[in-house]
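Here's the letter readout for the chains.
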Amino acid sequence: MTITEQPGADLPLQQQERVVIRFAGDSGDGMQITGNQFTSTSAFVGNDLATLPDFPAEIRAPAGTRPGVSGFQIHFSSADIHTPGDAPDVLVVMNPAALAVNLTDLKPGGMVIANTGNFKATDLKKARLDKNPLEDGSLDGYRVIEVDINDRVARALEDSPLSAKEVQRCKNFFALGIMYWLYSRPLEPTLNWLAEKFAKRPEVAEANQKALRAGFNSGDIHEMFQGRYEVAKCDVLPKGRYRNIMGNQSLSIGLVAGAELAGLKLFLGSYPITPASDILHQLSAYKHHGVFTFQAEDEIAAICSALGASFNGYLGVTTTSGPGVALKTEAMGLAVSTELPLVIVNIQRAGPSTGMPTKVEQADLLQAVFGRNGEAPMPVLACATPSDAFETAIEACRIAVQYMTPVMLLSDNYIANGSEPWRLPELDSLEPFPTEFRTEAEGYKPYSRNGKLARPWVKPGTPGLEHRIGGLEKENISGNISYDPDNHQLMTTLRNDKVMGVRDSIPKPEVHGPESGDLLVVGWGCTYGAITGGCQNMRARGASVANVHLRHVWPLPHGLNDLFSNYKRVLVPELNMGQLARILRSEYPKHEILSYMKVEGRPFTTTDVMAKIREIQEQV
């Protein structure tokens, strides 16, 4: 770290490559807004970044209690990064509960910025603390900055027409102003956002803007810090136009793009469920792109409406999370039987049942691959990062319409609510896969098949192409209802062969690291960042380790058996009890496949992956 003088300032400006900050407070303290604004401003500055919002599961837990703590972590850097960071360098806490919940994650010697205005005896009692951690020596290993944000906001807004309660709602922007000053961030993006956000209530916009400036100025006036920091613009990312994007936003745009590339209109049938609801919100704003959205009365109605839309020549999509997938399974089987294109989006969360709705888990993989009655195969894809959700959604649309099959797209809470810079694609680089509807009556048979084993797609009402579809088994070619045992065997085999044939249209996954060696780390979904960072760090330390990430988790790509043969062991880190590892062991029984499991409702860190690799090295 180098130190230079900032022009016009008395304090030294310290250059840092990367910083991890976590904002934490009560669920009503606006920590998500604070984190999102710091994220947007860092994207404006040109940093690479990754975020990890952490919501309480309760809609409104008692104020000041540990279950009510809301957090937002951001990792911003002048270099290429892959995760929201293993541990915060700075922890900004608005009350004792936030400190108690998050302190163990803070780096040794890290900085705590505490709002002392909420550390009174009643606040400590709500947080189940017998002593004040600001006074009992428990923070001796950290650098502690104590600020009575409540009082300073009240002083800054003495002339505001807002009530005392409304004034205190501005304290998150005071805290944000402190962090903007400390890390040399500009105020203008947030000032402009506030003006637009509260255009109909200018007094609220002005109060929050004033609180933001007051927090920024307090860095100089109150001399709380020994220096300021700067994280330069990231120049290592590929050249292009970028925007900051969250996973659900990216996935939504990918679905719209996929429908456009297929030459179809998009229909979304959905029922609100955490953490998938934002896709419904997002797509409802795209009516000018030919998108139709329907908020159904329940999960079953949602998927059946989407399947009905597909029958009528739309690209049907339904979105949900694990509990909703459980309710949709019969209709998914109907989609398999009717052989209609349908994209089923599962934004996974911790289970079972309602589980921990706002926490991350990858435990729906076996449900996605096998979780339906009868032999009901369908392709399953998983996005790896917020920006990758765009391309994965397009790929799910392609497979659905080219193979006339339902496709499940897996994301999760970590990807859905996380954000990162997204390089806007060149439109010419997006390869169309136009849909062809059957219009010729001569020789038409409802269950005839093309080279991909896909049956013809016919819009209802097309003259001479009247036909029946449904959940009862169909006779091959004719589509008549059939109970013939040989026909059922044939149709079951055809449907399975069609899905397995998808692997002929997907690439072999890219291997990072040596082409052969001691260990291959295989990941899917949100483990991408931790695996990539951990393996890069271990290779830099001389470890013989490579990594590969699977977008297509069923059917598995060609070439994995030969790939696994190049390494002594295969390690599979995943946020479940070893579901992909089970599939790989069943498909490739000759290889030593190790499972690394985690079900804490929290993602893997780079440190986790590195520690596991070291453990395996020591066993050799």
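Residues numbered from 1 in each chain as written. Predicted model: local features only at pLDDT ≥ 70, side-chain atom pairs only at ≥ 80, totals over all residues. Heavy atoms only, no water.

Next up on the list: the overall build of the protein chain. The helix and strand tally for the protein chain stands at 20 helices and 23 strands. By the compact-globule yardstick of 25 Å for 620 residues, the protein chain fits well, its C-alpha radius of gyration being 27 Å. Dimensions of the protein chain, computed from C-alpha atoms along their principal axes, come out at roughly 85 × 65 × 50 Å. The buried share of the protein chain, reckoned over its 620 residues, is 56%. Contacts spanning at least 24 positions in sequence make up 75% of the contacts within the protein chain whose residues lie at least 6 apart. Summing over all exposed atoms, the protein chain offers an accessible surface of approximately 26,500 Å²; the carbon and sulfur share of this is 50%. Charge-centre separation for the protein chain: the mean point of 59 positive side chains lies 2 Å from the mean point of 70 negative side chains. (Helix = DSSP H or I, 4+ residues; strand = E, 2+ residues; numbered from the N terminus. Rg over C-alpha atoms; globule rule 2.2 N^0.38 Å. Buried < 20%, exposed > 50% of the residue type's maximum accessible area, 1.4 Å probe, protein only. Contact = heavy atoms within 4.5 Å. Areas by Shrake-Rupley, 256 points an atom, 1.4 Å probe, with all protein chains shown as cover. Lys, Arg positive; Asp, Glu negative; His and termini not counted. Charge placed at Lys NZ, Arg CZ, Asp CG, Glu CD.)

Across all of its chains, the model carries 21 salt bridges by this definition. Close ionic contact of E166 with R201 constitutes a salt bridge, the shortest N to O distance being 3.5 Å. Separated by 35 residues along the polypeptide, E166 in helix α5 (residues 164-168) and R201 in the loop between α7 (188-197) and α8 (202-221) bring together distant segments of the chain. (Salt bridge = Lys/Arg side-chain N within 4 Å of Asp/Glu carboxyl O.)

Turning next to the sheet that holds strand β14 (residues 342-348). Sheet architecture is open: seven strands sit in the order β12-β11-β13-β14-β16-β15-β21, paired in mixed fashion. On the outer flanks of this sheet lie β12 (291-295) and β21 (552-554), each paired with one strand and no other. Each strand of the sheet is rotated relative to its neighbour by a mean of 25 degrees, with strand direction disregarded. Relative to strand β16 (residues 406-412), β14 runs parallel, the two being bridged by seven bridges. Opposite Q348, over in β16, you have D412 as the bridge partner. (Pairing = 2+ DSSP bridges. Axes fitted to C-alpha atoms, helices over the stretch in contact; angles between N-to-C directions.)

Before going further, it helps to spend a moment on the domain arrangement of the protein chain. Its domain assignment divides the protein chain into domain 1 (3-230), domain 2 (247-429) and domain 3 (511-619). Spacing between the C-alpha centres of domain 1 and domain 2 amounts to 35 Å. The interface of domain 1 with domain 2 comprises 14 residues on the first partner and nine residues on the second. Here domain 1 is connected to domain 2 by one salt bridge. In this structure, D54 engages K359 in a salt bridge whose closest nitrogen and oxygen atoms are separated by 2.5 Å. The tally of links from domain 1 across to domain 2 stands at four residue pairs in polar contact (both at pLDDT 80 or more). Counting residues per element, the side of domain 1 that touches domain 2 draws most heavily on strand β4 (residues 48-54), which supplies seven residues. (Domains from an automatic or database assignment. Polar contact = N/O pair within 3.5 Å; in protein donor to acceptor, adjacent residues only side chain to side chain.)

Confidence along the protein chain averages 95 in pLDDT terms, with 98% of residues attaining 70 or more. Overall, residues 1-8 carries pLDDT values under 50, and its contacts beyond four positions in sequence, including any with other chains, amount to 18 contacts. (pLDDT = per-residue confidence, 0-100.)

With that settled, consider the nonpolar core. Core analysis: the largest hydrophobic core is formed by 111 residues, its most contacted members being L255 and V522. Split by domain, the residues of this core number at least three in each of domain 2 (247-429) and domain 3 (511-619). Residues in contact with V522, not counting those within four places in the same chain, are I531, V548, L550, F564, V570, L571, V572, P573, L580 and L584. (Core = buried A, V, L, I, M, F, W, Y, C linked by side-chain atoms within 4.5 Å.)

With an omega dihedral of 5 degrees, the bond running from T274 to P275 counts as a cis peptide bond. Among the structural elements, P275 can be located in the loop between β11 (266-270) and α10 (277-283). In this structure, P555 follows W554 across a cis peptide bond, with omega equal to -10 degrees. Summarising the element assignment, P555 is placed in the loop between β21 and α18 (560-565).

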